[in-house]
Amino acid sequence: MNNDSPFKEIYLSSFDEFELAYSDIRMNRKHYKTVFRGQAEAIWGLVPSVLRGFSDDVIPMESIRERIMREYIDVSYFVIIADRMGFDLPGDLFELLNPIKFNISEDKSFYDWYCTTKAGWKEVISIAQHYGVKTRYLDFTFNPYTALFFAAMEVTRKYLGECDKIPESNNHFSLWMLDKDYLNNSCCTIDHFEVPTARNKYLNAQKGLFLSPPLPPLYDAPFYGDTKKMNVNKKSLDIMEEVMGNNYHSVNNGDLDLKRRWPIIYKYNFSFTIAPTILQELDAQYDINIATQKPNLENIINYRQFREKVNDLACILRDDSDRSP
């Protein structure tokens, strides 16, 4: 194992290469001691959705505050509408169902939401996120094939014209792997948690946990006061950067046991062109597909239709590759 850095990046050209690389890691770590996240663009960092899209490297604290307020508004809307439709949601819902009584524009209410440690809020935020709400959390899974599936599916949908490509893309997607034991190390500042999955079929199928970088501190707590004048380094919102900083700081202060586990975080990069083939392999070998990962009646038919498109696209891309000099 390479102990020179807490981070290792690997470029792979096939699913078989990934299987070989992953088997080497499994020799040193039990499968439940690692968590994974797939991303459709290798150029992306590990930044939660509600904190993405800032153009400058230095961000006014007021902009962070606005994003977290937006998170509350969107989660509250999700909860209110779901409750009206008769869906059984878990967690502490009183404040979310009564936005007038819990006025997020007031300093105390905003502080409670911003700095929340309430498990009930985290649970309902994680469910809202699975249905499209932008939040401060990134979801990881204990299953590398599930993570790889979602990244490869998104890339395949780009080929099929079902979602947009980005101009700055380097035409690779990625699978991140993080040492779960590190998350329990005293040096770790990343908020992480698992939630019960029995009441949510998607969470139950995808078997994961949620991570968030530490939000910038609100000074003069419980009121944000002069933090409107503060600035935040954009890198501090990236879990990858936080992992690196935590590890170097801890090892420099004598934590040699942590260094012996380096790399703590891996990034596997795959060319866009092999995304459909990876979907075929995941389906054939591990029964990982849209129907098993998002189990509902609608996806039974969607799975068959999407599989046909994937098979056709894989043939086209293989033919193009064979004709390349």
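Enquirer: Could you clarify how one ought to interpret the pairing of strand E7 (residues 208–212) in this entry?
Expert: Side-chain positions along a regular strand alternate between the two faces of the sheet. Burial analysis of E7 places four of its five residues in the buried class, which makes it a mostly covered element. Of the pairings in the sheet, the one linking strand E4 (residues 138–141) to E7 comprises four bridges and is antiparallel in character. When the bridges of E7 are listed, phenylalanine 140 appears paired with leucine 209. Two elements, strand E6 (residues 191–193) and E7, share three bridges in a ladder whose sense is antiparallel. Note that in E7 the partner of phenylalanine 193 across the bridge is phenylalanine 210.

Enquirer: I would appreciate a short explanation of the environment of valine 79 in the present structure.
Expert: Mapping valine 79 onto the fold places it in helix H2 (residues 61–84). With residues up to four places along the chain from it excluded, the contact list for valine 79 reads Leu89, Leu93, Leu96, Leu97 and Val124.

Enquirer: Looking at this structure, I do not really get helix H11 (residues 275–286). What am I missing?
Expert: Because an α-helix packs 3.6 residues into every turn, residues spaced three or four apart end up facing the same way. Over its twelve residues, H11 runs 16 Å from end to end, which matches the ideal 16 Å to within 8%, given 1.5 Å per residue. For H11, the complete set of buried residues consists of Ala275, Pro276, Ile278, Leu279, Leu282 and Asp283. For H11, the angular spread of buried residues about the axis comes to 160°, placing them on one side. One or two residues past the end of H11 sits aspartate 287, with phi positive at roughly 55°.

Enquirer: I keep staring at the confidence of the model for the protein chain and nothing clicks. Help me out?
Expert: Low pLDDT means the predicted coordinates in that region are not meant to be read closely. Of the residues in the protein chain, 92% reach a pLDDT of 70 or more, and the chain-wide mean stands at 89. Low pLDDT, under 50, characterises residues 220–224; the predicted model gives this stretch twelve contacts beyond four residues in sequence or across chains.

Enquirer: Please explain the packing of helix H6 (residues 144–159) against H11 as it appears in this structure.
Expert: Helix-helix packing: each pair is described by the crossing angle between the helix axes and the interaxial distance. The N-to-C vectors of H6 and H11 enclose an angle of 140°; their axes lie 8 Å apart at closest approach. Where H6 crosses over H11, the handedness of that crossing is left-handed. Of the residues in H11, those touching H6 at Tyr145, Leu148, Phe149, Ala152, Met153, Val155 and Thr156 are Ala275, Pro276, Ile278, Leu279, Leu282 and Tyr286. Considering only residue class, the contact of H6 with H11 consists of twelve nonpolar, one polar and no charged.

Enquirer: Explanation requested: the pattern of salt bridges in the structure shown.
Expert: Any two side chains of opposite charge can pair, given that their charged atoms come close. The full count for this structure, using the stated rule, is 16 salt bridges. Among the ionic pairs, lysine 158 bridges to glutamate 41, the shortest N-O distance being 2.5 Å. Residue lysine 158 is located in helix H6, and its partner glutamate 41 is located in the loop between strand E2 (34–39) and strand E3 (58–60); the two are separated by 117 residues in the primary sequence. Exposure class is identical for lysine 158 and glutamate 41. Each is buried. Lysine 122 serves as the salt-bridge partner of aspartate 191, at 3.2 Å between the closest nitrogen and oxygen. One end of the pair, aspartate 191, is in strand E6; the other, lysine 122, is in helix H5 (residues 119–130), with 69 residues separating them in the sequence.

Enquirer: How should I be thinking about the side chain of serine 76 in this particular structure?
Expert: Tracing the backbone shows serine 76 in helix H2. Accessibility expressed as a relative area gives 4% for serine 76, which makes it buried. Not counting residues up to four positions away in its chain, the partners in contact with serine 76 are Leu96 and Pro99.

Enquirer: For this particular structure, what's the right way to read the packing of aromatic side chains?
Expert: In this description, an aromatic ring pair is defined by two values, namely the gap between the centres and the angle between the planes. Enumeration over the complete set of coordinates arrives at 22 aromatic pairs. Ring centres of phenylalanine 193 and phenylalanine 210 lie 5.6 Å apart, and the angle between their planes is 15°; this geometry places the pair in the stacked category. Of this pair, phenylalanine 193 sits in strand E6 while phenylalanine 210 is found in strand E7, placing the two residues 17 residues apart along the sequence. For phenylalanine 193, a relative accessible area of 11% puts it in the buried group. An aromatic cluster is present here, built from Phe15, Phe18, Tyr22, Phe36, Tyr145, Phe173, Tyr266, Tyr268, Phe270 and Tyr286 joined pairwise through their rings. The ring of phenylalanine 110 carries arginine 65 above its face, with NZ or CZ at 4.8 Å from the centroid. In this structure, arginine 67 is placed above the aromatic ring of phenylalanine 54, and the distance from its NZ or CZ to the ring centre is 4.0 Å.

Enquirer: Hey, could you run me through the nonpolar core in this one?
Expert: Nonpolar side chains in soluble globular proteins tend to be buried together. With 38 residues, the main nonpolar core has Ile64, Ile68, Val75, Val79, Leu96, Trp113 and Tyr114 as its most contacted residues. Among the secondary structure elements, those contributing two or more residues to this core are H2, helix H4 (107–114) and H5. For this core, the element with the highest residue contribution is H2, accounting for nine residues. Other than its neighbours up to four places away in sequence, tryptophan 113 contacts Ile68, Glu71, Tyr72, Val75, Leu96, Ile104, Trp121, Ile125 and Arg136. Counting 35 residues, the second largest nonpolar core, distinct from the first, contains Ala40, Met153, Tyr266 and Tyr268.

Definitions and cut-offs
Every chain's residues receive numbers from 1 upward, in the order its sequence appears when written. Selection of residues for local features in this predicted model requires a pLDDT of at least 70, selection of side-chain atom pairs for listing and counting requires 80 or more, and totals for whole chains, interfaces and linings are taken over all residues. Side-chain figures throughout are based on the complete set of non-hydrogen atoms in the structure, without hydrogens or water. A 1.4 Å probe rolled over the protein chains alone gives each residue an accessible area, and that area as a share of the maximum for its type sets the label: buried under 20%, exposed over 50%, partly exposed in between. Here a helix means four or more residues in a row that DSSP labels H or I, a strand means two or more in a row labelled E, and each is numbered from the N terminus. A strand pair is defined by DSSP finding two or more bridges across the two strands. Should any heavy atoms of two residues lie within 4.5 Å, those residues are considered in contact. Given the number of residues in a helix, its expected span is that number minus one, multiplied by 1.5 Å. The reported arc concerns the directions from the helix axis to the C-beta atoms and nothing else. Values of pLDDT, ranging from 0 to 100, describe the predictor's confidence in every residue of the model. The axes used here are C-alpha line fits, helices contributing only the stretch in contact, and every angle between their N-to-C directions lies in the interval 0 to 180 degrees. Left-handed describes a crossing whose near helix is turned anticlockwise from the far helix by less than a right angle; the clockwise case is right-handed. When residues are grouped by polarity, Ala, Val, Leu, Ile, Met, Phe, Trp, Tyr, Cys and Pro land in nonpolar, Asp, Glu, Lys and Arg in charged, and all others, Gly among them, in polar. By convention in these notes, a salt bridge is any Lys or Arg side-chain nitrogen within 4 Å of a carboxyl oxygen on Asp or Glu. Two aromatic rings from Phe, Tyr or Trp, using only the six-membered ring of Trp, form a pair when their centres are within 6.5 Å; if the ring planes differ by under 30 degrees the pair is stacked, by over 60 it is edge-to-face, and anything between is tilted. Throughout this description, the term charge over a ring refers to an Arg CZ or Lys NZ atom that lies within 6 Å of the ring centre and within 35 degrees of the ring normal. Side-chain atoms within 4.5 Å link the members of a nonpolar core, which is a set of buried Ala, Val, Leu, Ile, Met, Phe, Trp, Tyr and Cys residues.

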